[in-house]
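Here are the chains, one letter per residue:
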Amino acid sequence: LNLYENEIGDEGASRIADALKINKSLRNLNLGENDIGDGAVAIGNSLQHNTTLKALILQYNGIGAEGASRIADALEINKSLQNLNLYGNQIG
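Residues numbered from 1 in each chain as written. Predicted model: local features only at pLDDT ≥ 70, side-chain atom pairs only at ≥ 80, totals over all residues. Heavy atoms only, no water.

1. Section: the nonpolar core
Counting residues in hydrophobic clusters, the biggest one holds 19 residues, and the most contacted among them are L29, I43, L47, L53, L56 and L58. Broken down by secondary-structure element, the contributors of at least two residues to this core are α1 (9-22), α2 (39-47) and α3 (65-75). Setting aside residues no more than four positions away along its own chain, L58 makes contact with L31, I36, I43, I63, I71, L84, N85, L86 and N89. (Core = buried A, V, L, I, M, F, W, Y, C linked by side-chain atoms within 4.5 Å. Buried < 20%, exposed > 50% of the residue type's maximum accessible area, 1.4 Å probe, protein only. Helix = DSSP H or I, 4+ residues; strand = E, 2+ residues; numbered from the N terminus. Contact = heavy atoms within 4.5 Å.)

Below, the structure written as C-alpha cells:
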C-alpha cells in the first residue's frame, strides 16, 4: 500500500496503526513524507501485534526519539518486519 506524501499527519498515522493491529494481509506499507511525527508511537505499538507486514517505509516524517524508541521496542517482539526505512527523521 503506497500512501507516500498524502499529508496523513499524526492522527491519520494513529488510525492506520489501529488497523495494523488487526490486519492479516498487508505486506508492504509506504508512509513516507506524511508528517506523522508522534503518530510513530502508535505505529510502534501496532507493530507489537502485527505479524504480516514485511516492509515499512517511514522516511521524512518528523519522527523523534520517542517514536523511534517505541518502534525499536516493537522490533524485539515483531518477527515479520524485514525492511524498515527511517531515513530523514529527527531520531538523534
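2. Some details on the packing of α1 against α2
At their nearest, the axes of α1 and α2 sit 8 Å apart, and the two run at 5° to each other. In terms of axis orientation, α1 runs roughly parallel to α2. Every residue of α2 that contacts α1 at D10, A13, S14, A17, L20 and K21 is listed here: G39, A42, I43 and S46. Broken down by class, the residue content of the contact of α1 with α2 amounts to five nonpolar, three polar and two charged. (Axes fitted to C-alpha atoms, helices over the stretch in contact; angles between N-to-C directions. Parallel < 35°, antiparallel > 145°, perpendicular 65-115°, else oblique. Nonpolar A, V, L, I, M, F, W, Y, C, P; charged D, E, K, R; others polar.)

3. Side note on a negative patch on the surface
Negative charge collects at one region of the surface, where E5, E7, D10, D35, D38 and E66 lie side by side. Tracing the chain through its elements places D10 in helix α1. Given a relative accessible area of 41%, D10 falls into the partly exposed group. (Patch = residues over 30% accessible without salt bridge, like charges linked within 9 Å, V, L, I, M, F, W, Y side chains within 5 Å. Areas by Shrake-Rupley, 256 points an atom, 1.4 Å probe, with all protein chains shown as cover. Salt bridge = Lys/Arg side-chain N within 4 Å of Asp/Glu carboxyl O. Lys, Arg positive; Asp, Glu negative; His and termini not counted. Charge placed at Lys NZ, Arg CZ, Asp CG, Glu CD.)

4. Brief notes about the side chain of T52
Relative to the elements of secondary structure, T52 occurs in the loop between α2 and β2 (55-57). A polar contact of 3.2 Å, which involves the side chain of T52, links it to the backbone oxygen of L26. When near neighbours in sequence (up to four residues on either side) are disregarded, T52 contacts N23, K24, S25, L26, R27 and S80. (Polar contact = N/O pair within 3.5 Å; in protein donor to acceptor, adjacent residues only side chain to side chain.)

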